[in-house]
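Spelled out from the first residue to the last, the chains are:
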Amino acid sequence: MTATYTFDVFSSLDGFGAAGGDWTGYWGKQGPELLEHRLSLYTEQQRMVFGAHTYRAFAQLIASETEEAVHDPWVTRMRNMPATVVSSTLQEPLDWPDARVVRGDAVDVVARIKEESEVPLRSHGSLSMNRALLAAGLVDRVQVTLFPVITGRTGLDPIFQGAADFDLELIDHRTLDGHIQELTYRPTLHP
C-alpha cells in the first residue's frame, strides 16, 4: 500500500507563501480555530518531509524564538514528528528530534518513502521540492490554508511559480475564525 502525501501550504490570496514589510507570521490573521485545527492535523501519526531550504528556515526560526507563531502547539507537535529532510548539503545530526537526511533526487526519495511508509506523509512548505513532486504525480493532496490578505508588493515565495498545470478536485474545505479558508484538493496533471 502506498502512503498518501499531502503538500500543506499557507498562502496569501495572491499566491505567496510569505511576505516582507511589516506583515507578521500567518499575516497576523490567525485565531483560536485555526490554531486548534492545525494542532488536530498533527495528532495522527505521520512523517514530515522537508527540503533542505525549508528545514533550515524552520530550524533557524525555532532556534531564534523571535516569532510568536514558533510557540504555537502545532509547530511543537510537528517538530516532534519523524521527519525526512531531502538534501545533498546537510549533515546529521540535525537540530530536530527525529529527523534524518536522505540524499538523492526528491522525486526518487519520496517515491521510495511512499512505498515503504506505514504512515501518511506531510510536507509543510518546501515549495520547489513540492512543485517537482506534483509534476511527478507523487502529491495526493494539496492543502492550502488561504489567509485573507493580498501581498502584491511585499509577497515572497510564490507558491506555484514555475509549476506544471493541474486540474484540482476539491475534496474538503472549511472556514476557520470566520475568514481563513482551508481548501484540500486532489491534483491531476492537466494534459
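Calculation rules
- Residues numbered from 1 in each chain as written.
- Predicted model: local features only at pLDDT ≥ 70, side-chain atom pairs only at ≥ 80, totals over all residues.
- Heavy atoms only, no water.
- Helix = DSSP H or I, 4+ residues; strand = E, 2+ residues; numbered from the N terminus.
- Rg over C-alpha atoms; globule rule 2.2 N^0.38 Å.
- Buried < 20%, exposed > 50% of the residue type's maximum accessible area, 1.4 Å probe, protein only.
- Contact = heavy atoms within 4.5 Å.
- Areas by Shrake-Rupley, 256 points an atom, 1.4 Å probe, with all protein chains shown as cover.
- Lys, Arg positive; Asp, Glu negative; His and termini not counted.
- Charge placed at Lys NZ, Arg CZ, Asp CG, Glu CD.
- Phe/Tyr/Trp six-rings, centres within 6.5 Å; stacked < 30°, edge-to-face > 60°.
- Lys NZ or Arg CZ within 6 Å of the ring centre and 35° of its normal.
- Pairing = 2+ DSSP bridges.
- Axes fitted to C-alpha atoms, helices over the stretch in contact; angles between N-to-C directions.
- Expected span 1.5 Å × (residues − 1).
- Arc of directions from axis to C-beta.
- Polar contact = N/O pair within 3.5 Å; in protein donor to acceptor, adjacent residues only side chain to side chain.

Draft legend 1. Expanded view of the overall build of the chain. In terms of helices and strands, the chain carries five helices and ten strands. The globule rule puts the C-alpha radius of gyration for 191 residues at 16 Å, and the 16 Å found for the chain is close to it. With respect to the principal axes defined by its C-alpha atoms, the chain has extents near 45 × 40 × 30 Å. By the burial criterion, 46% of the 191 residues in the chain qualify as buried. Looking at the chain alone, contacts between residues at least 24 apart form 73% of all its contacts between residues at least 6 apart. For the chain, the exposed surface amounts to about 9,900 Å²; the carbon and sulfur share of it is 50%. Across the chain, 16 positive and 26 negative side-chain charges occur, with their mean positions spaced 3 Å apart.

Draft legend 2. Geometry of the packing of aromatic side chains. Tallied over the entire structure, the rule returns twelve aromatic pairs. Where Tyr26 meets Phe147, the ring centres are 6.2 Å apart and the plane angle is 50°; that geometry is what we call tilted. With Tyr26 in the loop between β2 (16–19) and α1 (32–41) and Phe147 in strand β7 (residues 141–147), this pair connects stretches of sequence that are 121 residues apart. Per residue, the accessibility class of Tyr26 equals that of Phe147, and both read buried. Where Phe50 meets Trp96, the ring centres are 5.4 Å apart and the plane angle is 70°; that geometry is what we call edge-to-face. Here Phe50, found in strand β3 (residues 47–51), pairs with Trp96, found in the loop between β4 (83–86) and β5 (99–102); they are 46 residues apart in sequence, far enough to count as distant. Of the two residues, Phe50 and Trp96, neither departs from the other in class, the shared state being buried. Here the aromatic cluster, defined as three or more aromatic residues joined through ring pairs, consists of Phe10, Tyr26, Trp27, Tyr42, Trp74 and Phe147. The side chain of Arg38 reaches across the aromatic face of Trp74, ending 4.4 Å from its centre. The ring of Tyr42 carries Arg122 above its face, with NZ or CZ at 5.5 Å from the centroid.

Draft legend 3. Region of interest: the sheet that holds β5. Taking strand neighbours across the sheet as the criterion, the eight strands line up as β5-β4-β3-β6-β1-β7-β10-β9 in an open arrangement whose pairing is mixed. Both edges of this open sheet fall to β5 and β9 (166–176), since each of them pairs with a single strand only. Direction aside, neighbouring strands of the sheet carry axes that sit 25° apart on average. Bridging between β7 and strand β10 (residues 180–189) involves five bridges; their strand directions are antiparallel. Bridge pairing links Val142 to Tyr185 in β10. Here α1 sits on the sheet in contact with β1 (5–12), β6 (121–124), β7, β9 and β10, set at roughly 125° to β9.

Draft legend 4. Seen up close, helix α2 (residues 52–64). With 13 residues, α2 ought to run about 18 Å at 1.5 Å a step, and its terminal C-alpha atoms sit 18 Å apart, in line with that. All of the buried residues in α2 are Ala52, Thr54, Tyr55, Phe58, Ala59 and Ile62. One side of α2 holds all its buried residues, which, seen down the axis, span an arc of 165°. Turned more than 90 degrees away from the buried face of α2, the exposed residues are His53 and Gln60.

Draft legend 5. Representation of unusual backbone geometry in the model. A cis amide bond, omega 5°, links Glu92 with the succeeding residue Pro93. Within the chain, Tyr26 stands out as a residue other than glycine whose phi angle is a positive 55°. Phi is positive for Asp157, which is not a glycine, with a value near 60°. Along the polypeptide, Asp157 turns up in strand β8 (residues 155–158).

Draft legend 6. Representation of the environment of Tyr26. For Tyr26, a relative accessible area of 10% gives the class buried. Measuring from C-alpha to C-alpha, the distance between Tyr26 and Pro82 comes to 24 Å, with 56 residues separating the pair along the chain. Of the polar contacts made by the side chain of Tyr26, one reaches the side chain of Trp74; its length is 2.7 Å.

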